[in-house]
Structure formats: C-alpha cells, structure tokens
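Residue-level listing of the chains:
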Amino acid sequence: MDKKPYDPSDIEQKLYKAWEDSGLFAPGDNPEAYSLAIPPPNVTGTLHMGHGFQNAIMDCLIRYYRMSGKNTLWQVGTDHAGIATEMVVERRLNAEGKTKSDIGREAFEEEVWNWKKVSGNKITSQLRRLGSSLDWSSERFTLDEEYQHAVLSAFIQLFEEGLIYQGKRLVNWDPVLETSLSDLEVVNKDLTIKIWEIKYQLEATDKFVTVATTRPETLLGDMALAVNPSDKRFSHLIGKKASLPLCNRLIPIVADSYVDPEFGTGVVKITPGHDFNDYDLGKRHGLHMDEDFQCHSGAEDDFVPISIFNKTVAIIGVAPKKFHGMDRFEARKVILEDLKKEKLLMSEKEYESTLPYGDRSDQILEPLLTDQWYVDAKTLAKPAIDAVKSGEIQFVPANWEKTYFQWMDNIQDWCISRQLWWGHRIPIWYDESNKPHAGFSEKDVREKHNLKGKLRQEEDVLDTWFSSSLWTFATMGWPEKNEKLSLFHPTTTLVTGFDIIFFWVARMIMMTKHFMKEVPFKEVYITGLIKDENGQKMSKSKGNILDPIDLIDGVSLEELLAKRTEGMMQPQLKEKIIQQTKNQFPEGIESYGTDALRYTFYSLASPGRDINFDIGRIKGYRNFCNKIWNAFRFIEMQITNHSYQSSEGSKDIFSDWMASKIYQTAKNCQTHIKQYRFDLASAEIYELVWSNFCDWYIEFCKVAIQKSDNAGQTNSLIKNLITNFYSILELLHPFMPFITEELSSKLADLSKLEKSGYLVENGFNHTKASNQSNEIQLDKIINIISALRVIRAENQNIKNETLNLIISNDLNSDTQSIISENEGVISGIAKLGKIEFSDQVPAESIEKTMDGYKIIIPLEGLIDPEEEIARLQKELADVENDIKIINAKLANKQFVDKAPAEVVKKEKVKISDAESKKTMLEKSIAKLQP
RNA sequence: AGACCCGUAGCUCAGUUUUGGUUAGAGCGUCGCAUUGACAUUGCGAAGGUCGAUGGUUCGAGUCCAUUCGGGUCUACCA
C-alpha cells in the first residue's frame, strides 16, 4: 500500500473508455424514460467553463436518473455554427493570402469541412474528459445528411404554410462579414459620438431649416424632412419642399407625429433606405422618387425607398458621382468638408448615444435594404407563449418566465437568411419569372411544380439558430415517426444559460410546438453564468479565461500565458494580461482532477444569476477526493488485516447510526436534485462523508475493531462498514463518477463480492432506512465526546491525560445503558479511564451542563477552583440572560395571545430547560465555594 | 425608458418565494493546540456578522411592504 495522495490521472481516462466501450450510456427500451438534449456546442470550438458547468449538471441528472432505474437518453451532438466557423476559416485563408471569393463557394465549403476534421473532435473529447455519460451512439451534427433533411423539411413546410416569406426590407447589415444579422446578433454599445447640425434650404426662398444627424453621409439618401403636425414653428412648411445639400434635388416636408418637437431642432431628415424609423415613416407617407430624381410623398403603395450603399457600404446609386465608391466613413468626412465650404454646417457637438455592433465582427452595423427571408414569428409565438403560461413548460428559477414573455410578447419577424456559404443552403429555386419554389432538390421542385425552364437556386444559407431550433426532435429522426421520438420526446429537461433564452430556448419552443404539436422539454433549468472570482465575465480580451481541462490536468504558467495571449484581437492588452496572470497563478495551476472540478461546479450551482468561480474552492474538493480515497484505504486495511470473510453479520449501533444518516441524506438529495439545488445536495453529501463517515463512524469502527475480542464481531463490523461505504459511493457517483467507480470496483474485488458491474448502471442498492433510535442515542454520545474535547482544549493541563467521567443520573436510562454497552469504544475515542453514572460529585471537578444532565470530570489537584468558579459563573450569566429574554417574551400578553400555540409551547420548553441548567450550575458553583 | 438580479463573517457563498418563529450557517482564510498505522490534500478547538441604509406592517422581520444608496445584466431607443 503506497502512501501517496489520490491521483485522479491514473484512473479517469481509463474508466471513461471502459464505460463507453461497454455501451453503458446507450438507451434501452424501458418505457420510463428520462432524456436530455445537450445544447450542441460549436463543432470547431473548445470547452469553456460554462460548458464544463452545464455538462456537469446534466451528467449528474442523467446519472442520477439512470441509477434510479429510468431509461435514459442524453443526446449528444455539435452545431456547425455558421458565422463563427466561416469567420475562422476565412481568417485562415487570409493568412495564406487568399480570400473566400478567390477560391469560390465549393472550394470554400471544402476548406470548412477540412477544418472541421482538424479541430472538430476536440470538444467531444473534452466532453469525455468531464465524464459526461452521453449516448455517443446517436451523436449528431447539424450538417449531417439526416439532420439536413429535417432542416429542409421544416423550411419547406413553413414556406408552404406561408409562415416563411421573402421581403425587401431593412436589415442589420454586417459590412465586414457581408451578411445580414438578426436583431439578437446586434450588440448595442453606449458611446460618446458626434452630432452635426445641417442647414437645408427651403425651395424658392433664402430661408433654411436645420436638422441634426449623427450620420451625415446618409443625407445622400434623404427622401423627406419631417416635422410634428402640431408644432406651430413649422406648420407653414408642411407640404413645401427643401433642397438637399450637395445633391441638387428636392425633397418634400411632411408632418408626422413620430417627430418629437422637444428633441433636437424639431425637424428630422428622413432616409428610409438607411434607418429603421425612417423606413416606417417613409412607408406611411408613400415616399418615392421620380425619373428626375425628385422625391414625393404619396399613398403607402407608392413607397419605394432608395439605397445609396452597396454591400460593402460604399456609396452608389442616386448619390452624386463624386462620392461613388467611397466608404461610409470616408464619405462622411468629405461631406462634412463640403458642407462647411457651403456654409451649411451649423455645429458639431459631442453626443451620448448607442451604436449597433455585430456580435461576431465587432464592427458598426449599417441598416441596409436587401432581399431576405423571414419567419413569421408572431404566429409561431402564440402556442409557444401558451406552453409556458399553462405550465406545460416550467422555467427554473421561475422568474425567467418574465424575461421570456417580455420578449415573446413583442416578438419581431425573424430574419433567417444569411449571406454566407457555410450552412444549410435555403431550399428555394427561382423560376424564370423569379418566382420562388421550395423543395428538397431542383428535381423535386421541377416535379412538384411542373417547371420546364431554367431554375436558379437561392444563394443564401439559413441562420444557424434555425437548424438548432429543431434540435430535440431532428436529432431523433424527425420527420420520420419512430419509436425513439415517442419514447424520448419531449425531453425531460433543458439545461442552459440565460444568454440564449431568446436565441435558442424560445425558438425551440416555437418550432417544436409547430412541428411536433408538443413541447421540446418540460423543464428549463437556467444556470448562472460562470464569471471569474471578481465577478468579471470570462473573456479572451479580459485575459481571464480558464480552460476546464487545465483545472483537471494542471497547466504551467508558461502554457497558461501562451493560451491567454495567443491570437489576441487587442494586442495592446497583452502586457496587462501577462502581469495579471502571473500574479494570480505564479506557479501555474495544479492538477485537481475531474471529480474535484465537478464537485466545485455543484457547490457553486446556487440559483443566482452569476457564479463567481473561486479557484480556492476546487482545492477543497480535491482534498475531499483524497479523504474518500483514504477512507477506502482504511477499509482496505481492515479487510486485509483481519482476513475479512463475506458472510452474514450482525448489527452494531455505529453502523446503524451511519446507515440512518446516509438514508436521510439520500432522501434529501432526491429533493435537491428534483429542485436543481446541486449546491445543497453537494454540501449535504460533503458533510455526510467528511463529518459523519470519516470523523465519527470510521473512528468508532477503528476502536470497535481494535477492542473486538472475537472474529465474528470483527467480521461483522467490517461487513457493515463496507456496506455503508458502498452506499456512500452510490450516493456520490452522479457527482463524482470516477473515484466512486474506481473504489467500488476495488472494494468489490477485496470484499470478494461477485463482481457486480459498474456503479453507472447498478443503482442505489445499499441505502436503506435504519434504526432511528440508535441514531439519536449515538448523537448524544457524540455530544458528550465533543464536550470533553472542549474541556480538554480549555484546560491545557489535562489535554492528554486519561480522565474519568461521571454522568449525572438525569441522563435517560436508554442512553445510559447504550453508553455502558459501548464503554470500551467510547473510552477509547475520548481517552477515558472509567465511565460512571452518579449524582455524587467529587469536590474538585470540572462540570459541564448538557441537555438536561451534566458531565463531571473529577480532577483532584488538577484544577484551580477559582478559575473553575469563574468559568461556571460566566456560563451561568449566559443562561440567566437567556431566561431573561424568554421571560420577557412570555410576559408579553400580545405574544402569548397571538402567536401560534406551538411557538409559545416551544418557548416554555426552552425556559424550563434553561431553568434546570441554571439550577445545576448554581449547585456546582456552591460546591466549589469554600 | 422599461424589466430583472445582487448587497449576509476578512474572502466566496447558502438561508429571503410556496411557509416571518430558538442563539443567522458552510467552505476557504485567521488564531491556539495536536504528530508515526486511512488521510498534513490531516485531526481537535476557537475567534469572527447591529444580514447595504431608512421607514412601515407584525406579538415577532435577514425573510413581507415602501423608499433609498451601491454594484451588475437584459430589452428597447429620437434624429
């Protein structure tokens, strides 16, 4: 037996492989199903702390229910992550001096598939390192053939139902990635920007009106000026025209209540092609341009917005030729100079506002008029709202429902087309008259619609979230109806973060309700977001990211620095990050093992919104693993040293006590897991194992075995010890799968049980209800031993002496006889000579009043009576104070009348306890006094 | 502008809803003591909190209500 501490690296990967090879994670056919679908990570991504956290939780759930006898499916898979992946591959191409358009669509797609091959398995192997008991046999990727078929089917059905439509609208345009984005992919940043005031000359006068703008370049696309209809300052202008600076064309002045007379100058320039509000206003007023480039208002149907940007946001169209080809910011500069020259620029001021940025590219977005595909989200939202309102789906914690409703009630149609190459190409073919038809292939479309002429396929691909919104059922083979779907769908629970409630959770509910006529999951457990120990979001640019695998295996400072600084978007932060990392981890990070990391996650999983990951805590849980490991080593020693034989044994009070504690904890954990309180469950088990099992039970067993005088008794003590340890391993297994599996198999070998297979599949076999009265008795004995320890700590001269103990006869007779029966063990642990029950108290002694009885340690010549009196008097003062407080309470008529009888009774019991304690203390003091 | 979350021991957090009711808990850290048989990744013991503030409801408030201060998040945004 070696003495080195527990080393998880010896066992973890070996065990996972054994589990996986044995096919233990694959579902069976028991109709009592429990299923989870993993939120599919980006196929080319790597594991971060959030993944680690959420997967730890999912694995605990699935292992717990698998052990409880449910038929479990934990669906695994990865997402193609359109924009993110396309960006990475494009950057790699750029580094080689090539561009996407150089090589063309097909070659590019091939590049991405190659990249997936290189980096694609990283995250799935990392999931294995976490011990996640995923069903690898049903792994899916969102671009698998089968999955693609589901995506196309969904699109075609929605199109045919009129719930997907094409429209020329303003979208959030990312000029760097050259694609549209949905509202959710826009990050609004608060900034100090500039605002300019510009004069527009009124037609056929020498008068001007002034408008304010933060984007002067858009004036090239202005189609009107607008004022509030009730604004007296400008009512005479309504219906007149103004001349557009630098452009030599006229635009109408219209009245619209959208304009806030209090804000700015009260006159607004209207650019329907480049601003969302202006677009709506332009539509209301039917703004359009004639062949002479003059703008007019009209009926709503006349509305034709003009656009002056192309897809790289360079100036085109009706803008004066001079500006053509200029980038938006270059054009802004030139326009401001020109306005200044013409004395039309009134002012330039600082201004607090927000600008929209792309969440991936981090570039300022531009509203741009393009053809896009939309999902009619308003229609799909209704059943999805009802599903949550009716309780068919429950959010945990429940207040996330509010967030959900707030968004769903104001939902906008969802732009699902992306001008990318990586993803599901939209299954639309245009005929020669540009009419769109949906189908699985060109052939399919031709046959269905009897088309003869040339067909052109839509170039765009679908938003990644469109395909992932089908995740729970598309992974199970939909649109085919099969047994898997009927057994495992709806899934039981979704575990995810609040950051994707809108992106994913809400859209899954909408789509699943629509296609399956049922919900995708019955409960949504929204976890907190993992932040660093200072409450900062973990991000590459802050340089505070942690890789869960580094916490498992350890990492040197050099490697950690390299990881945190490679491929930085803002290299100027590099020095700061290096310094900060060196301060935090001067020696790098130690290896803690998966079980310790997982346990840390559980202990932090309280219902709040943010979870600050304090690296200090993981150390404590590594020690916990070591503690368990050594508890096993103790048992191992007993088995070997006493030639343990597996046979029928008899009960003992210590094992009964332990079994009873385990049973209670197991019951509580069941509740905690149902309520997703992994923090409470883990804390309770920790306390059970460390404080009850190791600190007390093992110590009792140790002495009991030592003092046992017959082999049968020894054997039976060991047998009960083994059984209780098994129960603990079972209870811990969903939280710490590796160490528990390893120890259970070692224990099975040692104790010569027939090999009973893996804990993974075995369930909770050893935990049983036990003798509760024994539990109470032993709790009392433990109280006595603890009190003795306090006395020793307070009296340094007796800290190591063997002492005699007298217990007053006030202690009930049941406990007295149990103490007598186990005198040897108790004396052994508490280092006592003999234990007596008596009301005869020797003159020189230390006394301690307990719960209705007292313990006395005769100490002739060893104590200073004066010191002892002082100590007792302090204790007396405390008791008297308690009595005063309770008396005051009971003297309060209001309290006695209004408080529930139970509460009043409790107080009365309390005071009588305190009174008797007081009497005992007074007697003790009197005796010491000369 | 609206919605939401957080504030409890030196630090990181439970406890606050359904149900207001003893002396408010844990881990880490700190202090004192312990040393060869499971474990120093250890054991035993101790100290440490007017629960952000104010007011209210109540016999009774960390918990309920109102106001307020500080920190944070999301949604929507006006030129």
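Residues numbered from 1 in each chain as written. Chains lettered and ligands numbered in written order. Predicted model: local features only at pLDDT ≥ 70, side-chain atom pairs only at ≥ 80, totals over all residues. Heavy atoms only, no water.

*Asks:* Please clarify how the overall build of chain A should be interpreted in this entry.
*Replies:* The helix and strand tally for chain A stands at 31 helices and 30 strands. Dimensions of chain A, computed from the C-alpha atoms along their principal axes, are close to 120 × 65 × 55 Å. Counting the 930 residues in chain A, one finds 53% classified as buried. At a minimum sequence separation of 6, the contacts of chain A that also span at least 24 residues come to 77%. Of the accessible surface of chain A, which amounts to about 42000 Å², a share of 49% is contributed by carbon and sulfur atoms. Charged side chains of chain A number 113 positive and 138 negative; the gap between the two group centres comes to 2 Å. (Helix = DSSP H or I, 4+ residues; strand = E, 2+ residues; numbered from the N terminus. Buried < 20%, exposed > 50% of the residue type's maximum accessible area, 1.4 Å probe, protein only. Contact = heavy atoms within 4.5 Å. Areas by Shrake-Rupley, 256 points an atom, 1.4 Å probe, with all protein chains shown as cover. Lys, Arg positive; Asp, Glu negative; His and termini not counted. Charge placed at Lys NZ, Arg CZ, Asp CG, Glu CD.)

*Asks:* I keep staring at the nonpolar core and nothing clicks. Help me out?
*Replies:* The nonpolar side chains of soluble globular proteins are, as a tendency, buried together. By size, the foremost hydrophobic cluster in this structure holds 199 residues, and its most contacted members are Phe466 and Phe693. Counting residues per element, this core draws most heavily on helix 22 (residues 678-707), at 15 residues. Membership of the second largest hydrophobic core comes to 53 residues, among which are Leu202, Val259, Val267 and Phe303. (Core = buried A, V, L, I, M, F, W, Y, C linked by side-chain atoms within 4.5 Å.)

*Asks:* How do you make sense of the packing of aromatic side chains when you look at a structure like this?
*Replies:* How two aromatic rings sit relative to each other is given by the distance of their centres and the angle of their planes. Under the definition given, this model contains 45 aromatic pairs. Ring centres of Tyr16 and Trp19 lie 6.0 Å apart, and the angle between their planes is 75°; this geometry places the pair in the edge-to-face category. One end of the pair, Tyr16, and the other, Trp19, are both in helix 1 (residues 12-21), 3 residues apart, so they sit about a helical turn from each other. On the basis of relative accessibility, which here comes to 0%, the residue Trp19 falls in the buried class. By the ring-pair criterion, three or more aromatic residues cluster together here, those being Tyr525, Tyr599, Tyr602, Tyr621, Phe624, Tyr676, Phe678, Tyr686, Trp690 and Phe735. (Phe/Tyr/Trp six-rings, centres within 6.5 Å; stacked < 30°, edge-to-face > 60°.)

*Asks:* Looking at this structure, how should I read the pattern of salt bridges?
*Replies:* Pairing between side chains of opposite charge can happen when the charged atoms of each approach one another. In the structure shown here, the tally under the stated rule is 45 salt bridges. Across the pair Lys17 and Asp21 runs a salt bridge whose closest N-O atoms are separated by 2.8 Å. Linking Lys17 with Asp21, this pair stays in helix 1, spanning 4 residues, or about one helical turn. A residue is classified by how much of its surface remains accessible, and Lys17, at 52% relative accessible area, is exposed. With a shortest N-O distance of 2.7 Å, Glu366 and Arg215 are connected by a salt bridge. (Salt bridge = Lys/Arg side-chain N within 4 Å of Asp/Glu carboxyl O.)

*Asks:* Can you walk me through the packing of helix 19 (residues 594-604) against helix 20 (residues 615-641) in this structure?
*Replies:* Helix-helix packing is described using two parameters, namely the angle between the two axes and the distance between the axes. Where helix 19 meets helix 20, the axes come as close as 8 Å, and the angle between the chain directions of the two elements is 125°. Taken together, the axes of helix 19 and helix 20 lie oblique to each other. For the pair helix 19 and helix 20, the sense of crossing is right-handed. Where helix 19 approaches helix 20, its residues Asp595, Ala596, Leu597, Tyr599, Thr600, Ser603 and Leu604 are matched on the opposing element by Arg617, Ile618, Tyr621, Arg622, Phe624 and Cys625. (Axes fitted to C-alpha atoms, helices over the stretch in contact; angles between N-to-C directions. Parallel < 35°, antiparallel > 145°, perpendicular 65-115°, else oblique. Left-handed = near helix turned anticlockwise from the far one by under 90°.)

*Asks:* In this structure, what is going on with the environment of Leu163? I would like to understand it.
*Replies:* Assignment of secondary structure puts Leu163 in the loop between helix 6 (145-160) and strand 4 (164-174). For Leu163, a relative accessible area of 9% corresponds to the buried category. The sequence separation of Leu163 and Leu380 amounts to 217 residues, and the corresponding C-alpha distance is 8.3 Å. Other than its neighbours up to four places away in sequence, Leu163 contacts Leu158, Tyr374, Val375, Asp376, Thr379, Leu380 and His514.

*Asks:* Even after reading the chapter, I still don't get the domain arrangement of chain A, so can you show me in this structure?
*Replies:* When the parts of a complex come together, some accessible area is lost, and that lost area is often used as the size of the interface. You can read the domains of chain A as domain 1 (31-163 + 380-412 + 463-527), domain 2 (179-367), domain 3 (429-459) and domain 4 (613-770). When the two sides are added together, the surface that domain 1 and domain 2 hide from each other amounts to roughly 670 Å², 73% of it contributed by carbon and sulfur. Contact with domain 2 buries surface across domain 1, with Ile83, Met87 and Phe503 losing the most and accounting together for 56% of the total. At the junction of domain 1 with domain 2, the criterion picks out 0 salt bridges. Linking domain 1 to domain 2 there are 0 residue pairs in polar contact (both at pLDDT 80 or more). Secondary-structure elements contributing two or more residues to the side of domain 1 that touches domain 2 are helix 3 (82-95) and helix 15 (501-516). Broken down by class, the residue content of the side of domain 1 that touches domain 2 amounts to 6 nonpolar, 1 polar and 1 charged. (Domains from an automatic or database assignment. Buried area = accessible area lost by both parts, 1.4 Å probe. Polar contact = N/O pair within 3.5 Å; in protein donor to acceptor, adjacent residues only side chain to side chain. Nonpolar A, V, L, I, M, F, W, Y, C, P; charged D, E, K, R; others polar.)

*Asks:* Teacher, can you tell me more about the pairing of strand 2 (residues 71-78) here?
*Replies:* It is a general feature of regular strands that their side chains alternate between the two faces of the sheet. Here strand 2 lies mainly inside the structure; 8 of its 8 residues are buried. Alternating residues of strand 2 divide into Asn71, Leu73, Gln75 and Gly77 and Thr72, Trp74, Val76 and Thr78, and every residue in both groups is buried. For strand 1 (residues 33-37) and strand 2, the ladder comprises 5 bridges, and the chain directions are parallel. By the bridge assignment, Tyr34 is partnered in strand 2 with Thr72. Read from strand 1 through helix 2 (residues 49-67) to strand 2, the crossover connection turns out right-handed. (Pairing = 2+ DSSP bridges. Right-handed = clockwise from strand over helix to strand, strands pointing away.)

*Asks:* Hey, could you run me through the protein's contact with RNA strand B in this one?
*Replies:* Neighbouring RNA strand B are 54 residues, the closest being Asn277, Thr354, Asn612, Trp690 and Lys898. Near the protein, meaning within 4 Å, the atoms of RNA strand B are sugar or phosphate in a fraction of 63%, with bases accounting for the rest. One of the side-chain N or O atoms of Lys627 is found 2.9 Å from a base oxygen in RNA strand B. Of all the secondary-structure elements, those providing two or more residues to the surface near RNA strand B are strand 7 (208-213), strand 14 (345-358), helix 10 (400-409), helix 20, helix 22, helix 26 (772-794), helix 30 (893-898) and helix 31 (901-928). Among the elements that line the surface near RNA strand B, the one with the most residues is helix 20, at 10 residues. Among the residues making up the surface near RNA strand B, the classes are represented as 20 nonpolar, 16 polar and 18 charged. (Near = heavy atom within 4 Å.)

*Asks:* Looking at this structure, I do not really get the state of the cysteines. What am I missing?
*Replies:* Covalently bonding the sulfur atom of one cysteine to the sulfur atom of another cysteine gives a disulfide. Summed over all chains, the structure comprises 0 disulfides. Take Cys247: it sits in no disulfide, and the sulfur closest to it among the cysteines is that of Cys295, at 10 Å. Looking at Cys247, the relative accessible area reads 14%, which means it is buried. Its sulfur unpaired, Cys625 is 12 Å from the next cysteine sulfur, which belongs to Cys694. Overall, the relative accessible area of 1% leaves Cys625 in the buried class. (Disulfide = S-S within 2.5 Å.)

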